[in-house]
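# Coordinates in review
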Amino acid sequence: NLLLGSQTFHQQMIQMRGFQLLSYLLERVSPDHLTLDVIISLINLSRFLYRHSFHGSFLLKQLSDHILFYPSLWIYTSPQIQLTLWNYISTEFVIFADIFNYRTRTVSTVLQLLHSLKHYYWIRNPTDSSGVFARGVDGSRPNSDDIMQIRSLILVTIRHLILKDDNVD
């Protein structure tokens, strides 16, 4: 609530890289703490930032880079949590958030998402067959069907980013 109502707090979050710190802390707690309520709160916060905030684009970049698009934070959460997150990102966030209006921003986000697909959201562990270092192997991952659904939402997100950058619908 403090972030929603205080311009001073917005400035402090930007200067202190608050979302990077929050991500660091969230990564160190049990994935059980990343609940549907947390996802809903993050979704509502991102909606507020891209609609109402003076500093919204700076905070939105930090929120997306350090929390929303950060796969090691989400890979061990329940499939429902991940599907809710990626459904929001692929259907609303990439369409309305103004942080993707720059080609360099879009390219870096697409690369980050491709990295997530390759290293975190694999269906078969790629380490033995290709030498790619698979991440997300030391905990409980979603099953293959859920991973395929999450992958499809990430690919839809990439498609939106690429087509948005070329002004094609």
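The notes below deal with the structure included here. (Residues numbered from 1 in each chain as written. Predicted model: local features only at pLDDT ≥ 70, side-chain atom pairs only at ≥ 80, totals over all residues. Heavy atoms only, no water.)

### So, the overall build of the chain
Selection criterion: Put simply, DSSP H or I for four residues or longer makes a helix, DSSP E for two residues or longer makes a strand, and each gets a number counted from the N terminus. Partly exposed describes any residue whose relative accessible area lies between the buried limit of under 20% and the exposed limit of over 50%, with all areas from a 1.4 Å probe on protein chains only and scaled to the type maximum. We call two residues in contact whenever any of their non-hydrogen atoms come within 4.5 Å of each other. Accessible surface is estimated by sampling points in the Shrake-Rupley manner with a 1.4 Å probe; for residues, cover comes only from the protein chains shown.
Per the secondary structure count, the chain includes ten helices and zero strands. In the chain, the succession of helices and strands from N to C terminus is α-α-α-α-α-α-α-α-α-α. Relative to its full complement of 169 residues, the chain shows a buried share of 43%. Of the contacts formed within the chain by residues at least 6 apart in sequence, a portion of 72% connects residues at least 24 apart. A total accessible area of about 9,300 Å² is found for the chain, and carbon and sulfur atoms account for 55% of it.

### A word on helix α3 (residues 18-27)
Let me state the cut-off plainly: Starting at the helix axis, one direction is taken to each C-beta atom, and the arc is that of these directions.
Turning to α3, its buried residues are Gly-18, Phe-19, Ser-23 and Leu-26. Relative to the axis of α3, the buried residues are bounded by an arc of 135° and lie together on one face.

### Concerning the pattern of salt bridges
Our working definition: We count a salt bridge whenever a side-chain nitrogen from Lys or Arg sits within 4 Å of a carboxyl oxygen from Asp or Glu.
By the definition in use, this model includes two salt bridges. Glu-92 serves as the salt-bridge partner of Arg-47, at 2.9 Å between the closest nitrogen and oxygen. Of this pair, Arg-47 sits in helix α4 (residues 36-52) while Glu-92 is found in helix α7 (residues 79-96), placing the two residues 45 residues apart along the sequence. Exposure remark for Arg-47: the relative accessible area of 26% places this residue in the partly exposed category.

### With respect to the environment of Phe-96
Examined against the element boundaries, Phe-96 turns out to sit in helix α7. For Phe-96, a relative accessible area of 53% corresponds to the exposed category. Along the primary structure Phe-96 and Arg-51 are separated by 45 residues, whereas in three dimensions their C-alpha atoms are 8.8 Å apart.

### Re the layout of surface pockets
Rules: Grid points spaced at 1 Å over the protein atoms alone were grouped into cavities, where a 1.4 Å probe fits but cannot get out, and pockets, open sets with protein on both sides within 12 Å along at least five of seven lines, with lining residues defined by an atom within 4 Å of a point. Grid points are joined across faces, edges and corners, and a volume is the space filled by probe spheres set on the points. Three categories are distinguished: nonpolar for Ala, Val, Leu, Ile, Met, Phe, Trp, Tyr, Cys and Pro, charged for Asp, Glu, Lys and Arg, and polar for the others, with Gly belonging to the last.
Size it by volume and the largest pocket reaches roughly 200 Å³. Residue lining of the largest pocket: 16 residues in total, with Glu-27, Ser-72, Ile-75, Tyr-76 and Asp-138 positioned closest to the centre. Put simply, the parts of the chain that give the lining of the largest pocket at least two residues each are α3 and α6 (71-74). Per-class residue counts for the lining of the largest pocket are ten nonpolar, three polar and three charged.

These figures capture arrangement, not role.
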